[in-house]
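# Architecture and fold: a report
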There are 2 protein chains.
Amino acid sequence: MIAEKTLTTSEVAARFNELAKEGNWNKIQDELFAKNAVSIEPPDSPGLKSVEGLAAIKQKGKDFENTVEEMHGGYSSDPIVTGNHFAVAMGMEATMKGVGRTKMDEIALYEVKNGKIVKEQFFY
Amino acid sequence: MIAEKTLTTSEVAARFNELAKEGNWNKIQDELFAKNAVSIEPPDSPGLKSVEGLAAIKQKGKDFENTVEEMHGGYSSDPIVTGNHFAVAMGMEATMKGVGRTKMDEIALYEVKNGKIVKEQFFY
């Protein structure tokens, strides 16, 4: 039996950054998210809703992908890290089905507990 | 009459960073905050409360200072900036009256509108 090492917040942020720079969001969720993680959108968000649980978070990602006609590019900044939180500036430019070309920018904030992301929260 | 230039979010973040590195929080509030700005603490914060309006934000700062016996040091990271938000990692180490030496770390998130900070929100 191999004991799994519990990552520090800095280690989670570093691994997140490595995977985000590759655009590997699926691996971020599989490797770094807690099964009961929550995802919080702004209360006045026109489209996306807050959800609870990794399965619902993954479904939200798929639902969003289905609204995209063409992805033109994206970015994710190096994280700022302190205590049990880290945050990045991220965004993308995409042509959305029925909407047209759209630029999206947000601060994404992550809370870490026992080496896993338990909350993601978006500000835009 | 001199028309005042409306700062972009990046310009507000840069000026914030300059003043934060000097620890000049009063000047940050006087120069960069909107009169009706709000300050949001975590709902489960043991001590600090959310307040509305620059006067109440300044009073909250004074109230906090009164709980500090001795300040040992603090930091404020370079900001991450995108859209109408920026965020920094910040913290301090202080001896609090009746509590003892305490280390505090937080992500501070700022929303900018018409060249002024309209919301500060802390995560710890």
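The structure presented is a predicted model; accordingly, all values stated were derived computationally and were not measured.

## Comments concerning the packing of helix α1 (residues 9-21) of chain B against helix α2 (residues 25-32) of chain B
Residue and element names in this part refer to chain B. For the pair α1 and α2, interaxial distance at closest approach is 8 Å and the crossing angle is 155 degrees. Relative to α2, the element α1 is oriented roughly antiparallel. Every pair of crossing elements has a handedness; the one defined by α1 and α2 is right-handed. On α2, the residues touching V12, R15, F16, L19 and A20 of α1 are K27, I28 and L32. Residues that form the contact of α1 with α2 fall into these classes: six nonpolar, no polar and two charged.

## Regarding the relation of the copies chain B and chain A
Between chain B and chain A, which share one sequence, the superposing operator has a rotation angle of 180 degrees and an axial displacement of 0.0 Å; the RMSD is 0.0 Å. What the superposition gives is, in effect, a two-fold axis relating one chain to the other. An overlap of 100% is found between the interface residues of chain B and their copies at the interface of chain A, pointing to a shared contact surface.

## Details of the nonpolar core
Grouped together as the largest cluster of nonpolar side chains are 42 residues, with contacts concentrated most on I80, A87 and I107 of chain A together with I80, A87 and I107 of chain B. Beyond its immediate chain neighbours, meaning those up to four positions away, I107 of chain B contacts I80, T82, H85, A87 and L109 of chain A together with A87, A89 and F123 of chain B.

## Some points on the pairing of strand β1 (residues 33-40) of chain A
Residues and elements named next belong to chain A. Sheet topology places β1 next to strand β7 (residues 116-123); four bridges connect them, and they run parallel. Note on β7: the bridge partner recorded for I40 is Q121. Sheet topology places β1 next to strand β2 (residues 51-52); two bridges connect them, and they run antiparallel. In the strand pairing of β2, V38 is matched with E52.

## Overview of the interface of chain B and chain A
Facing 16 residues of chain B, the contacting portion of chain A comprises 16 residues. If you list the elements that add at least two residues to the side of chain B that touches chain A, you get β4 (80-82), β5 (85-96) and β6 (100-113) of chain B. Looking at the side of chain B that touches chain A element by element, the count peaks at five residues for β5 of chain B. By residue class, the composition of the side of chain B that touches chain A is nine nonpolar, five polar and two charged.

## Section: the environment of E11 of chain B
All names here are of chain B. Its place among the elements puts E11 in helix α1. The exposure class assigned to E11 is partly exposed, which follows from the 15 C-beta atoms found within 10 Å. Separated by 74 residues in sequence, E11 and H85 have C-alpha atoms that sit 12 Å apart.

## Quick look at the confidence of the model for chain A
Put simply, chain A has an average pLDDT of 95, and 98% of its residues get 70 or more. Taken together, the chains of this predicted complex give a pTM of 0.93 and an interface ipTM of 0.91.

Basis of the calculations
- Residues numbered from 1 in each chain as written.
- Chains lettered and ligands numbered in written order.
- Predicted model: local features only at pLDDT ≥ 70, side-chain atom pairs only at ≥ 80, totals over all residues.
- Axes fitted to C-alpha atoms, helices over the stretch in contact; angles between N-to-C directions.
- Helix = DSSP H or I, 4+ residues; strand = E, 2+ residues; numbered from the N terminus.
- Parallel < 35°, antiparallel > 145°, perpendicular 65-115°, else oblique.
- Left-handed = near helix turned anticlockwise from the far one by under 90°.
- Contact = placed C-beta atoms within 7 Å.
- Nonpolar A, V, L, I, M, F, W, Y, C, P; charged D, E, K, R; others polar.
- Least-squares fit on C-alpha atoms with pLDDT ≥ 70 in both.
- Core = buried A, V, L, I, M, F, W, Y, C linked by C-beta atoms within 7 Å.
- Buried ≥ 20, exposed ≤ 12 C-beta atoms within 10 Å, placed from the backbone.
- Pairing = 2+ DSSP bridges.
- pLDDT = per-residue confidence, 0-100.

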